[in-house]
Amino acid sequence: LMNDAEAGRRNATFSLLVRKLQDSFTALEQVRMPVLAAIQGGCIGGAVDMVCAADMRYATADAFFVVQETNIGMTADVGTLQRLPKLIPDGVAREFVYTGRRMTAQRAYEVGLVNEVFADHDALISGTLAIATEIAQKSPLTIWGAKEALVYARDHSVPDSLHQISLWQTGAFQPADMMEAFAAKGEKRPAVYPDLPSAPSL
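Keep in mind that what you see is a predicted model, and the values were worked out from it rather than measured.

Engineer: Sorry if this is basic, but what is going on with the overall build of the protein chain here?
Structural biologist: Within the protein chain, the secondary structure is distributed over 10 helices and six strands. Scored against the burial criterion, the 202 residues of the protein chain give a buried share of 31%. Long-range contacts, defined as pairs at least 24 residues apart, comprise 58% of the intrachain contacts of the protein chain with a sequence gap of at least 6. Of the accessible surface of the protein chain, which amounts to about 12,600 Å², a share of 60% is contributed by carbon and sulfur atoms.

Written as structure tokens, this is what we have:
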């Protein structure tokens, strides 16, 4: 049906499809808990878009990254170009995108794209799960607030970001989780926090 539409209408409608694809990766930023990406082998094209939207990235030594869109005659359009320069130095991001070259896991670690490089698949999975487990032991409300603030601060000024966190704290800060953290430390036991309520479906 779109092929029969007038060109302007067809092209404008296509932009809705692109935005829907973008939203599928932006969802990783919008969920309340951190998203950890474990990468083995090639992270190519849309996979780069996806992992750039994650909170942290971990890779095996044989992993590599490539903005494949450059090599096939299109401009990446679902998040790499918008997020990558906020993860690694701008000049490095530009060279990576413009050349379409592969970036090794070691180079990705050196420039800050990945947090850690593991020797193999088993080490990657156990290492990433260990980090996830450590995060899961914290107050889920605290982690949610931290993620909201970090994503907001990435895209806003320091004064605006300070205002955002002041509003978050006004509504979300409750002493119960802090008291549980202190009690657990004093009693040498893991803290136990209430789960977050289910998120409403939109």
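Engineer: Which parts of the structure should I look at to understand the sheet that holds strand β3 (residues 56-60)?
Structural biologist: Neighbouring strands of a sheet are bound in pairs by backbone hydrogen bonds; such pairs are parallel or else antiparallel. One open sheet accounts for three strands, arranged β1-β3-β6; its pairing is parallel. The strands lining the two open edges of the sheet, one partner per strand, are β1 (36-39) and β6 (116-118). The sheet shows a mean angle of 20° between the axes of neighbouring strands, direction not considered. Pairing analysis gives three bridges linking β3 to β6, with the strands arranged parallel.

Engineer: Explanation requested: the packing of helix α8 (residues 140-155) against helix α9 (residues 158-172) in the structure shown.
Structural biologist: When two helices pack together, their arrangement is given by the angle between the helix axes and by the axis-to-axis distance. Direction vectors running N to C along α8 and α9 enclose 160°, while the axes themselves pass 9 Å from each other. In terms of orientation, α8 and α9 fall into the roughly antiparallel class. By crossing handedness, the relation of α8 to α9 is classed as right-handed. On α9, the residues that touch Leu141, Trp144, Gly145, Glu148, Ala149, Tyr152 and Ala153 of α8 are Asp160, Ser161, Gln164, Ile165, Trp168 and Ala172.

Engineer: Help me out: how do you make sense of the side chain of Thr60 in this one?
Structural biologist: Assignment of secondary structure puts Thr60 in strand β3. Not counting residues up to four positions away in its chain, the partners in contact with Thr60 are Ile39, Gln40, Gly41, Ala105, Val117, Phe118, Asp120, His121 and Leu124.

Engineer: What am I meant to see in the sheet that holds strand β5 (residues 103-104) here?
Structural biologist: If you walk across this open sheet you meet the three strands as β2-β4-β5, and the pairing is mixed. Whereas interior strands pair on both sides, the edge strands pair on one side only; in this sheet they are β2 (42-44) and β5. Of the strand pairs in this sheet, β2 and strand β4 (residues 64-66) are connected by three bridges, and their pairing is parallel. For Cys43, the partnering residue across the bridge sits in β4 and is Phe65.

Engineer: Honestly, the packing of aromatic side chains in this entry has me stumped. Any pointers?
Structural biologist: The relative placement of two aromatic rings is captured by the distance of their centres and the angle of their planes. Applying the stated criterion to the full structure yields two aromatic pairs. Summarising the aromatic geometry, the rings of Tyr58 and Phe118 are spaced 6.4 Å apart at their centres and angled 50° between planes, so their arrangement reads as tilted. Residue Tyr58 is located in strand β3, and its partner Phe118 is located in strand β6; the two are separated by 60 residues in the primary sequence. Each member of the pair, Tyr58 as well as Phe118, is classed as buried.

Engineer: Help me understand a nonpolar patch on the surface in this model?
Structural biologist: A cluster of nonpolar residues, Phe173, Met178, Met179 and Phe182, forms a patch on the protein surface that exposes about 430 Å² of accessible area. Take Met179: it is sitting in helix α10 (residues 175-186). Judged by relative accessible area, Met179 falls into the exposed class, the value being 52%.

Engineer: Where do I start with the nonpolar core in this structure?
Structural biologist: It is characteristic of soluble globular proteins that their nonpolar side chains tend to be buried jointly. Ranked by size, the top nonpolar core spans 25 residues in total, and within it Ile39, Phe65, Leu84, Ile88, Met103 and Leu113 carry the most contacts. Taken together, the elements giving at least two residues each to this core come down to β1, α2 (46-52), α5 (90-99) and α6 (105-111). The biggest single contributor to this core is α5, with four residues. Not counting residues within four places of it along the chain, the set of residues in contact with Met103 comprises Ala63, Phe64, Phe65, Ile88, Val92, Phe96, Ala108, Val111 and Leu113.

Calculation criteria
- Residues numbered from 1 in each chain as written.
- Predicted model: local features only at pLDDT ≥ 70, side-chain atom pairs only at ≥ 80, totals over all residues.
- Heavy atoms only, no water.
- Helix = DSSP H or I, 4+ residues; strand = E, 2+ residues; numbered from the N terminus.
- Buried < 20%, exposed > 50% of the residue type's maximum accessible area, 1.4 Å probe, protein only.
- Contact = heavy atoms within 4.5 Å.
- Areas by Shrake-Rupley, 256 points an atom, 1.4 Å probe, with all protein chains shown as cover.
- Pairing = 2+ DSSP bridges.
- Axes fitted to C-alpha atoms, helices over the stretch in contact; angles between N-to-C directions.
- Parallel < 35°, antiparallel > 145°, perpendicular 65-115°, else oblique.
- Left-handed = near helix turned anticlockwise from the far one by under 90°.
- Phe/Tyr/Trp six-rings, centres within 6.5 Å; stacked < 30°, edge-to-face > 60°.
- Patch = residues over 30% accessible without salt bridge, like charges linked within 9 Å, V, L, I, M, F, W, Y side chains within 5 Å.
- Salt bridge = Lys/Arg side-chain N within 4 Å of Asp/Glu carboxyl O.
- Core = buried A, V, L, I, M, F, W, Y, C linked by side-chain atoms within 4.5 Å.

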